[in-house]
Amino acid sequence: MTSIHVPSPIIQVRNLGKYYGNFDPAMIDRTGPEHGTARDHVTASIVAAWGVNFDVAAGEALGIVGESGSGKSTVLRCIAGDVAASTGDVRLAPFEDGNVNILDLDPSARRQLRINTLSVVYQDPAEGLALGVTAGGNIADPLTAAGWRNFGAIRDRARELLARTEVPLDRMDDIVRNFSGGMRQRVQIARALANKPPILLLDEPTTGLDASVASGVLDLIRQLLEELQVAAIVVSHDFGVIEMLTERCLVMQHGRVVEDALTDQLLEDPHHPYSQKLVAAART
Amino acid sequence: MTMTMNKTLPILDVKNVSKSFTLHNIDGRTVTALEDASFVVHPGEHVSLAGSSGAGKSTLLRLIYRTYSITAGSVSFRLANDEWVDIAQLSDAEVIALRGREIGYVSQFLHAQPRRSVIDLVARAGVSRGMSTADAHEQAGYSLARLGISRTLWDVHTSVLSGGEKQRVNIAAGLISPPRLLLLDEPVSALDPENRERAIEVIADLSDQGVAVLAVFHDLDAISRLASRIILMSRGSVVTDGPVDQVLPQLTPGDVQP
C-alpha cells in the first residue's frame, strides 16, 4: 500500500454472476473466452456473466466494453435490479453504509433503491420513460415517488432539469412520443437525475442516435459526470464513448472480464487478444 | 546549474525499464520498443529526450504515465511526502490519483474535450490540482495571455480553435499550477515562430518553479534553450546521458525527428 489517496468505492461488485438455465458447477469451466462461447454444450445453459469484480469511486466513471452478447449489459442490469443475479455481492456505499448486499433485497426494496440511490439511462428511451406522458410528467414521477408533494416545486425542479439537459422548456408539456431520439434521450437523462442519485448506470446511452446528436448527448453526459461527482458505470460497444467518459474500463467477452485497465492504456496498449482485436477494429 | 540540482533527491528514478508488445493477432509476435533504460530526473531539471524516429522517446513518456504498461524494470516516483512509489506496481486507481495532480502529460494534441470555453478548460485543470476557482480563473487568464491567446477567444468553445490555438490552450491547461513532474511530447510542434517563442518561455519558467520536466522536442533550438540535460536514445536504448554542452554537439538533425 502507498500513501496515495484513492477515493473510497461507492459501488463494490464481487463475483457477480448470471446464468440462464440449470446450474452445473462444471459449466463454468466449459464456457467463456477459451471456449469461444457463453453457452454450455452439456446443459445448454447460458453463462451470461461470471466472476465479475470491480469498484467504482465517487466522481469516477467505469467503462464496460465488449460486443453484443459479451455480458456487459447483463452486469449493468444485475446491479440495477432489472435482472436477478444468480450469485455475487454488490454493495452501494450510499445504501446502509454498504453493509448490505443489495442482491439479497426483496423486489420492493430493490425498487426503492431506484428512487434515490441509483438511476439508469437505457439505450432505448422507451425503457426509461413513459412515452405517452409529457416530459414534465416523466420527471415528476420519480420526484413524487421520493415524496415531493408541492406541485409548484415539482414543476420548478422539472424546469431546472430540462434546462440543464438542454430540452426547450416550451416542450415540457408535450408527450415524449412526439420528441426526436436525441431529445427523448435528454429527457431520460433529466429524469434519471431528478433525485440527485449518487450512482448512475448508463447502458449504450448514445447508440442508435445520429452521429451529431450522439455527440451532443455524449457531451452533456460528460459535463454532468464532471459536475455531479456521481459514481457511474458506462456500458458501450463504442470505444469513442468509453474514451470520452471513462478513465478505467473492463473488457468483457463471452460473459467474462478478459481485461481491466486504464482506458488510455487499453486503447494504446491492449493486452488480451480480444481487446487487441476490438481496439484494432475501432481504429480502422 | 546541473551540479547544484543533483544535490537534491531525484523525483524520478527509472531503472532497467523495458517495454515489449505482444501482437496476438499478428502471429503472436513480440515487438520490443524499449530495452533496459535507466536514468534519474531531479526537481527543477529539464531533461530532453533525443533520438531518431522509433528510438523510444515517446514510449518512455507513455510508460512513465502508464499509458503503456511496464514490461520490466521499475519507475520510482517520489511523492510530495518523500515516499517512493513504483509506478509499475501501482493500481489503476492510484495511477489516476497521481495523474494530473503529481504527474502531467502534455502531448501535441488537445484531446477530445466537452463543449467548454477556453478559459473554463484551463481553469478546471487548475482546480483539479487544488486551486480555488477564483485563483484558477485569474491564473488561466494570465497563462492564456502569455501564450498569445487573445481575450476574444476565452469564452469560445475549444472545438472552433485552430490547431495552433488548441495546442497553446493545451499547454496552458497542462502547466497551470504545474504537477511536480511534467512529461512533454512535442508540445510546440504546431506553433508558428512567434507563438513557439512564447510557449518556450512559459516552459522555461517551469524549471525555475522546481518542476521536473522530461520532454521530447523536434528541434535542436528548443532543446538547446530549455534542456539542462540530454538523454540520447537509439533503437529503444539510452546511449548517452549528459549535460547539454556535452551531448548537444553529438546530435544530428536526425536525432530530433518525431
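As the structure is a prediction and not an experimental result, all values here were calculated from the model.

(A) How the structure looks around the interface of chain B and chain A. Taken together, the 32 residues of chain B in the interface contact 27 residues of chain A. With both chains or domains summed, chain B and chain A bury close to 2400 Å², and 47% of this area falls on carbon and sulfur atoms. The largest contributions to the chain B side of the interface with chain A come from D92(B), I96(B) and R115(B), which together make up 22% of the buried area. Joining chain B to chain A, the criterion identifies 5 salt bridges. A salt bridge links R116(B) to E226(A); the nearest nitrogen and oxygen atoms lie 2.8 Å apart. There are 14 residue pairs in polar contact (both at pLDDT 80 or more) connecting chain B and chain A. Those elements giving two or more residues to the side of chain B that touches chain A turn out to be β1 (12-23), α2 (57-65) and α3 (92-98) of chain B.

(B) Focus on helix α2 (residues 72-80) of chain A. Residues and elements named next belong to chain A. The element α2 is extensively covered by neighbouring structure, given that 8 of its 9 residues are classed as buried. Along α2, the residues classified as buried are K72, T74, V75, L76, R77, C78, I79 and A80. Residue G81 follows α2 closely and has a positive phi angle near 95°.

(C) Representation of the packing of aromatic side chains within the structure. One pass over the full model with this rule turns up 5 aromatic pairs over all chains. Ring plane angle 85° and centroid distance 5.0 Å describe the contact between F21(B) and Y68(B), whose orientation is recorded as edge-to-face. Within this pair, whereas F21(B) is found in strand β1, its partner Y68(B) is found in the loop between α2 and β4 (72-78), the two being separated by 47 residues in sequence. Residues F21(B) and Y68(B) agree in their burial class; the two are buried. Of the aromatic side chains, those joined through ring pairs into one cluster are Y19(A), F23(A) and W50(A). Looking at R171(A), its charged tip hangs above the ring of F179(A), at a distance of 4.4 Å from the centre. Sitting over the face of the ring of F21(B), K19(B) holds its NZ or CZ atom 4.7 Å from the ring centroid.

(D) The arrangement of the sheet that holds strand β4 (residues 87-92) of chain A in detail. Residues and elements named next belong to chain A. Across the sheet, which stays open at both edges, the 3 strands sit in the order β2-β1-β4 with antiparallel pairing between neighbours. Edge positions in the sheet fall to β2 (46-57) and β4, since each has one partner strand and no second. Each strand of the sheet is rotated relative to its neighbour by a mean of 10°, with strand direction disregarded. The pairing of strand β1 (residues 9-20) with β4 spans 5 bridges and is classified as antiparallel. For I11, the partnering residue across the bridge sits in β4 and is L92.

(E) Just the packing of helix α4 (residues 118-128) of chain B against helix α5 (residues 133-146) of chain B, in detail. All names here are of chain B. One can describe the packing of α4 onto α5 by two numbers: an axis separation of 8 Å at closest approach and a directional angle of 125°. As summarised for this structure, α4 and α5 are arranged oblique, according to the angle between their axes. Between α4 and α5 lies a crossing whose hand is right-handed. Across the interface between the two elements, V118, I119, D120, V122, A123, G126 and V127 of α4 pack against T133, A136, H137, A140, G141 and L144 of α5. When its residues are assigned to classes, the contact of α4 with α5 shows 8 nonpolar, 4 polar and 1 charged.

(F) Seen up close, helix α8 (residues 211-228) of chain A. All names here are of chain A. With 18 residues, α8 extends 25 Å between its outermost C-alpha atoms, agreeing within 8% with the 26 Å of an ideal straight helix rising 1.5 Å per residue. Three or more residues of α8 are buried, namely A214, G216, V217, L218, D219, L220, I221, R222, Q223, L224 and L225. One or two steps after α8, the chain reaches Q229, where phi turns positive at roughly 55°.

(G) Expanded view of the sheet that holds β1(B). All names here are of chain B. Reading across the sheet, the 4 strands line up as β2-β1-β4-β5 and stay open at both edges, with antiparallel pairing between neighbours. The open sheet is flanked by β2 (29-41) and β5 (84-86), the only strands paired with a single partner. For this sheet, the mean inter-axis angle between neighbouring strands, taken without regard to orientation, is 25°. Judged from the 5 bridges that link them, β1 and β4 form a sheet pairing that is antiparallel. Considered in β4, the bridge of D13 is made with S76.

(H) Structural detail: empty space enclosed by the protein. This model, assessed by the stated rule, comprises 2 cavities of 30 Å³ or more. If you add up the space inside the largest cavity, you get close to 40 Å³. The set of elements that each furnish at least two residues to the lining of the largest cavity consists of α2 and α3 of chain B. Looking at side-chain class alone, the lining of the largest cavity contains 6 nonpolar, no polar and 1 charged residues. Here the second largest cavity is characterised by a volume of approximately 30 Å³. For the second largest cavity, the full set of lining residues is I189(A), L200(A), L202(A), I221(A), L224(A) and L225(A).

(I) How the structure looks around the layout of surface pockets. All names here are of chain A. What the second largest pocket holds in volume is close to 490 Å³. Lining the second largest pocket are 24 residues, with R111, R114, I115, L118 and R191 positioned closest to its centre. When contributions to the lining of the second largest pocket are tallied by element, the ones reaching two or more residues are α3 (107-116), β5 (118-121), α4 (125-128), α5 (135-145) and α7 (181-192). Per element, the largest residue contribution to the lining of the second largest pocket is 6 residues, and it comes from α3.

(J) Expanded view of the environment of L262(A). Along the polypeptide, L262(A) turns up in strand β9 (residues 256-262). Taking the relative accessible area as the measure of exposure, L262(A) reaches 0% and is therefore buried. Once the C-alpha coordinates of L262(A) and V217(A) are considered, the two residues, 45 residues apart in sequence, prove to be 24 Å apart. With near-sequence residues (within four places) excluded, L262(A) lies in contact with E247(A), R248(A), R66(B), D92(B), V95(B), I96(B) and R99(B).

(K) Just the packing of helix α6 (residues 163-175) of chain B against helix α7 (residues 193-208) of chain B, in detail. Residues and elements named next belong to chain B. It is at 11 Å that the axes of α6 and α7 come closest, and there the two elements cross at 10°. Regarding the angle of α6 to α7, the classification is roughly parallel. On the side of α6, the interface is formed by R168, I171 and L175, while α7 contributes N195, A199, V202, I203 and L206. Looking at side-chain class alone, the contact of α6 with α7 contains 6 nonpolar, 1 polar and 1 charged residues.

The rules we used
Within every chain, residues take consecutive numbers counted from 1 along the sequence as written. For naming, the first written chain is A and the first written ligand is 1, with later ones following in the order written. The model is predicted, so local features are restricted to residues of pLDDT at least 70 and side-chain atom pairs to those at 80 or more, both for listing and for counting; the totals for chains, interfaces and linings are taken over all residues. Neither water nor hydrogens contribute to the side-chain values; these are computed over all heavy atoms in the structure. A contact between two residues is defined here by any heavy atoms of the two lying within 4.5 Å. What counts as buried area is the accessible surface, traced by a 1.4 Å probe, that two parts surrender upon association, with contributions from both included. Put simply, a salt bridge is a Lys or Arg side-chain nitrogen that is within 4 Å of an Asp or Glu carboxyl oxygen. Two N or O atoms form a polar contact when they lie within 3.5 Å of each other; inside protein one atom must be a possible hydrogen donor and the other a possible acceptor, and for residues adjacent in sequence the pair counts only when both atoms belong to side chains. Each helix is a run of DSSP H or I of at least 4 residues and each strand a run of E of at least 2, with the numbering of both proceeding from the N terminus. Residue burial is assigned from relative accessible area. The probe radius is 1.4 Å, only protein chains are included, and a residue is buried under 20% of its type maximum, exposed over 50%, and partly exposed in between. Aromatic pairing here means that ring centres of Phe, Tyr or Trp (its six-membered ring) are within 6.5 Å. Orientation follows from the plane angle: under 30 degrees is stacked, over 60 is edge-to-face, and everything else is tilted. In this analysis the charged atom, NZ for Lys or CZ for Arg, is taken to sit over a ring once it is within 6 Å of the ring centre and within 35 degrees of the ring normal. Pairs of strands are assigned from DSSP output, requiring at least two bridges between the strands. Only the contacting stretch of a helix is used when fitting its axis, a line to C-alpha atoms as for every element, and angles between N-to-C directions run 0 to 180 degrees. Should an angle lie under 35 degrees it is considered roughly parallel, over 145 roughly antiparallel, and from 65 to 115 roughly perpendicular; all remaining angles are considered oblique. Helix crossings are classified by the rotation of the near helix relative to the far one: an anticlockwise turn of less than a right angle makes the crossing left-handed, while a clockwise turn makes it right-handed. We call Asp, Glu, Lys and Arg charged. Ala, Val, Leu, Ile, Met, Phe, Trp, Tyr, Cys and Pro are nonpolar, and the rest, Gly among them, are polar. One fewer than the residue count of a helix, multiplied by 1.5 Å, yields its expected span. Both cavities and pockets are sets of points on a 1 Å grid over the protein atoms alone; in a cavity a 1.4 Å probe fits but cannot get out, in a pocket the set is open with protein on both sides within 12 Å along at least five of seven lines, and lining residues sit with an atom within 4 Å of a point. Grid points are joined across faces, edges and corners, and a volume is the space filled by probe spheres set on the points.

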